[in-house]
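Tertiary structure, described
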Amino acid sequence: MKYRAEIDGLRALAVVPVILFHAGFELFGGGFVGVDVFFVISGYLITTILVEDIENKRFSIAKFYERRARRILPALFFVILVCIPFAWMWMLPTQMKDFSQSLVAVSLFASNILFWRESGYFDAAAEEKPLLHTWSLAVEEQYYVLFPILLIFAWRFGKNRVFWMIVVMATISLLLSEWGWRNTEIANFYLAPTRAWELFSGSIAAFLVQKNGVKKNSFLALFGLAIIVFCIFFYDEEIPFPSLYALVPVFGVVLLILYADRETLAAKILSSKAFVGIGLISYSAYLWHQPLFAFARIRLLDHPPEALMLTLSLTSLVLAYLSWKYIEIPFRNRNKVSRKLVYTSSMIMLFIPFGLGLYGHFANGFENRIASWEYLRSIPVVGDTYCHNEGRRSEAQLRENNFCIIGDGSLEIAIIGDSHAGALFDAANDFLISKNRSALAVSGGYCAPLLNGFSDSRGDCAETIQTAINHAIASENISTIIIAAEWANYTTGYRGNDKPRLWADNLGRAESPSDNIELFKRSFANTFETLSASNKRVIIIEPVPEFHYYAHDWVGRRLLFSQEEPIREAVRSLPSISVSEYDERNQAVFSVFNRHSSPNVSYVNTKSLFCDEDKCYQYNEDGLVLYSDFNHVNYHGAQKIIRAVSSFFNR
């Protein structure tokens, strides 16, 4: 295969924006497309190698996998080894357990599947996963395992038919990704079936180059380069990906592969020493950057400043050069490292993280490393609540009168809402038992307790809430309906730096986050009118303050980093927010609430429970932590709310 310097330069154009995007620089809002550029390059290079070997009758699956092992495993294994001691020193047991699971997944070339099951790529928690970036390596590794086998079996039908098979498979994969972002967004991002078309695009380019050579077309090559750069600076996290939008950077790479003859301006730019130099170390740079960023975020507690993230970005390039020179190059040299040694060392490099990962998983992240961790873990949180999790009923079950019940005694109450309602269930359960009462408990993540079909069109939230409220109204036994939610989520569509959601109801859909407030107004009005006309006692729990840090994690890290610190001092170190910040976050919510009143409807003021005149806190005056994360109360915080709610029962 003829060496093309511009391809190495293209790798630099891929890896630098990815690094700066993960570092948090808003200018590189579309830097994530660098991964898509890598996929196309990999598809092109691998297909070129395979086709040349097959046509020259020298193809060997063993040799192919040997080359991949030499290329991928040594640097990956070294980075993993470096990560382990920092994970031990700085990670909470829950994080350590997740990290251990990622070690197993990386060893099995399945980290994309693990991270699909755990979270979204753009979630805040994802930023603290040192091996998150290995999802793309897993996609490529799955391609490396399956594509050569597919190619060798299909070759009997002729080269031209193989080409069209790849075109068809790429088209199906692209259509699947277009369906996927609408119906299963996270799976669409991580899994190989919806990413395969990007790799196949490189394969298609490889067939065309082998047939026609690299054509000289300065305009098309420069256009391809320009649209990649455009995506890096003008795409952002709100764009569904992968989807038809991903065609733009993928098409740009294909144009460069097909038309960037070395005499073109685009090829000269990409073939410059700076681009090629970074391109040569791009694999190692990609491996190093995410662990550096993740551990910085973990260790600092606070958000790392831009200067530090820029320094770490440059550090990833320095480390990349060292690992490229002293690890990658020696292992690729067959004179220094024999095939037998490659196979033996590969097994070792896969088995060690696999074994350590299993041990860390079954040891629950080595939770005995932190004093008082058992105490923190013993405080019930929303993730432990039965009726919000494994006991949550589907809409079909609710229609069959199969509700999750909390408390013990006369069924008189219904508690309905999103996860903020779910966070109250355990404390409400204990209170209801003491009063010989019970309640229907209906909740779901991002399930606003609103009628009028209010939802984001994913899942069964609208139907579940509608069925639950209708049942509570129709029931002769239920006298009180309580609704609770993270209300500002539904007026704005987001919290913190989350990707905004666009809400919909029976009358229409928001076209932008600014439209959400109008849908909330009419859906809340519809809900309020229905509830106030029901002759039930209705209690609306106002929004609780939302903070910037996960409370339990903050306290756990303080204890991990300073073993001598008393737990109550660690709790009191939690940063507060100003009352004005609370008011600003919920301004639109209260503007709607203030328009609606009725004798049988009461609002519970939660601001007075967690705030003084100036500030809001995640702990009480005795140093007892009241939140589990940055927006959900834990059992102790829920007790305060339930006590406030109970005062309305005697009115």
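All of these numbers come straight from a predicted model, not from anything done at the bench.

Within the element layout of this structure, Ser111 appears in helix H5 (residues 111–118). Once residues within four sequence positions are removed from consideration, Ser111 is found in contact with Ala105, Val106, Thr134, Trp135 and Ala138.

What follows covers the state of the cysteines. One pass over the structure, following the stated rule, counts three disulfides. Here Cys387 is linked by a disulfide to Cys404, with a sulfur-sulfur distance of 1.9 Å. Taking the sign of the torsion about the S-S bond as the criterion, the disulfide between Cys387 and Cys404, at about -75°, is left-handed. On the criterion of sequence distance, the pair formed by Cys387 in the loop between helix H17 (373–378) and helix H18 (395–399) and Cys404 in the loop between H18 and strand S1 (405–407) is long-range, its members being 17 residues apart. Here Cys447 pairs with Cys461 through a disulfide, and the sulfurs are 1.9 Å apart.

In the contact formed by helix H3 (residues 61–90) and helix H14 (residues 282–300), the axes pass within 10 Å of each other and the chain directions differ by 10°. Comparing their axes, H14 and H3 come out roughly parallel. In this structure, H3 uses Arg71, Ile72, Ala75, Leu76, Phe78, Val79, Val82, Cys83, Phe86, Ala87 and Trp90 to contact H14, whose residues at the interface are Tyr283, Ser284, Leu287, Trp288, Pro291, Phe295, Ile298 and Arg299. Taken together, the residues of the contact of H3 with H14 break down into 16 nonpolar, one polar and two charged.

Now for the side chain of Asp505. Among the structural elements, Asp505 can be located in strand S5 (residues 504–505). Look at Asp505 and you get buried, because its relative accessible area is 9%. There is a polar contact of 2.8 Å between the side chain of Asp505 and the backbone nitrogen of Leu507. Not counting the four nearest positions on each side in its chain, Asp505 is found in contact with Asn452, Gly453, Phe454, Leu519, Arg522 and Ser523.

So, how was this worked out
- Residues numbered from 1 in each chain as written.
- Predicted model: local features only at pLDDT ≥ 70, side-chain atom pairs only at ≥ 80, totals over all residues.
- Heavy atoms only, no water.
- Helix = DSSP H or I, 4+ residues; strand = E, 2+ residues; numbered from the N terminus.
- Contact = heavy atoms within 4.5 Å.
- Disulfide = S-S within 2.5 Å.
- Axes fitted to C-alpha atoms, helices over the stretch in contact; angles between N-to-C directions.
- Parallel < 35°, antiparallel > 145°, perpendicular 65-115°, else oblique.
- Nonpolar A, V, L, I, M, F, W, Y, C, P; charged D, E, K, R; others polar.
- Buried < 20%, exposed > 50% of the residue type's maximum accessible area, 1.4 Å probe, protein only.
- Polar contact = N/O pair within 3.5 Å; in protein donor to acceptor, adjacent residues only side chain to side chain.

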